[in-house]
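# Structural description and commentary
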Amino acid sequence: MAYDDTKVREYLQVTHRTEFLTAREKHLIGLAVTMTRGCQVCTRGRIEKARADGLGDDLLNALVGIVAAVNAGVAAATAREAFQLAEPSSHESCGAVCSGEVAAGR
């Protein structure tokens, strides 16, 4: 049986009908999410739709810069916390999950 995306499409249609966000805001949020998720096909589609609705490349490129900066900040903060947790004096442990024992079936 082929994948049926009917429910997903229905949910997206309902979500996009919100009166609290403008079309411009929806384009920018959608584009930020697809870039963060790393979907090139989705990002291209979002860029094409945003351009068709009059959003210029200066605005879209400004968004790219913000998304890149926020994601870089998240990556740096995640690494900082992981390094702190990896210190021998750290009191927190992720136990068997991090050691690979769970994946190895031990």
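How each quantity is defined
Residues numbered from 1 in each chain as written. Predicted model: local features only at pLDDT ≥ 70, side-chain atom pairs only at ≥ 80, totals over all residues. Heavy atoms only, no water. Helix = DSSP H or I, 4+ residues; strand = E, 2+ residues; numbered from the N terminus. Buried < 20%, exposed > 50% of the residue type's maximum accessible area, 1.4 Å probe, protein only. Contact = heavy atoms within 4.5 Å. Core = buried A, V, L, I, M, F, W, Y, C linked by side-chain atoms within 4.5 Å. Salt bridge = Lys/Arg side-chain N within 4 Å of Asp/Glu carboxyl O. Expected span 1.5 Å × (residues − 1). pLDDT = per-residue confidence, 0-100.

## Details of the side chain of Thr43
- On the secondary structure map, Thr43 appears in helix H3 (residues 40–52).
- With a relative accessible area of 12%, Thr43 lands in the buried category.
- Apart from the residues lying within four places of it in its own chain, the contact partners of Thr43 are Leu31, Thr34 and Met35.

## Let's talk about the nonpolar core
- Counting eight residues, the largest nonpolar core consists of Leu28, Leu31, Ala32, Ala50, Leu55, Leu60, Leu63 and Val67.
- Those residues in contact with Leu31 that lie beyond four places of it in its chain are Thr43, Arg46, Ile47, Leu60 and Leu63.

## Let's talk about the pattern of salt bridges
- Summed over all chains, the structure comprises five salt bridges.
- A salt bridge links Arg44 to Glu48; the nearest nitrogen and oxygen atoms lie 3.5 Å apart. Linking Arg44 with Glu48, this pair stays in helix H3, spanning four residues, or about one helical turn.
- Under the relative-accessibility criterion, Arg44 is labelled partly exposed at 49%.
- Here Arg51 ties to Asp57 by a salt bridge, and the two come within 2.9 Å at their closest N and O atoms.
- The exposure class of Arg51 is partly exposed, given its relative accessible area of 47%.
- On the basis of relative accessible area, Asp57 is assigned to the partly exposed category, the value being 36%.

## Re H3
- With 13 residues, H3 should cover 18 Å at 1.5 Å per step; its first-to-last C-alpha distance of 18 Å lies within 8% of that length.
- In the core, the buried residues of H3 are packed alongside helix H2 (23–37) and helix H4 (57–85).
- Looking one or two residues past H3, Gly54 carries a phi angle of roughly 95 degrees, positive in sign.

## Side note on the confidence of the model for the protein
- Across the protein, pLDDT averages 88, with 84% of residues at or above 70.
- Mean pLDDT across the elements of the protein bottoms out in helix H6 (residues 101–104) (57) and peaks in H3 (96).

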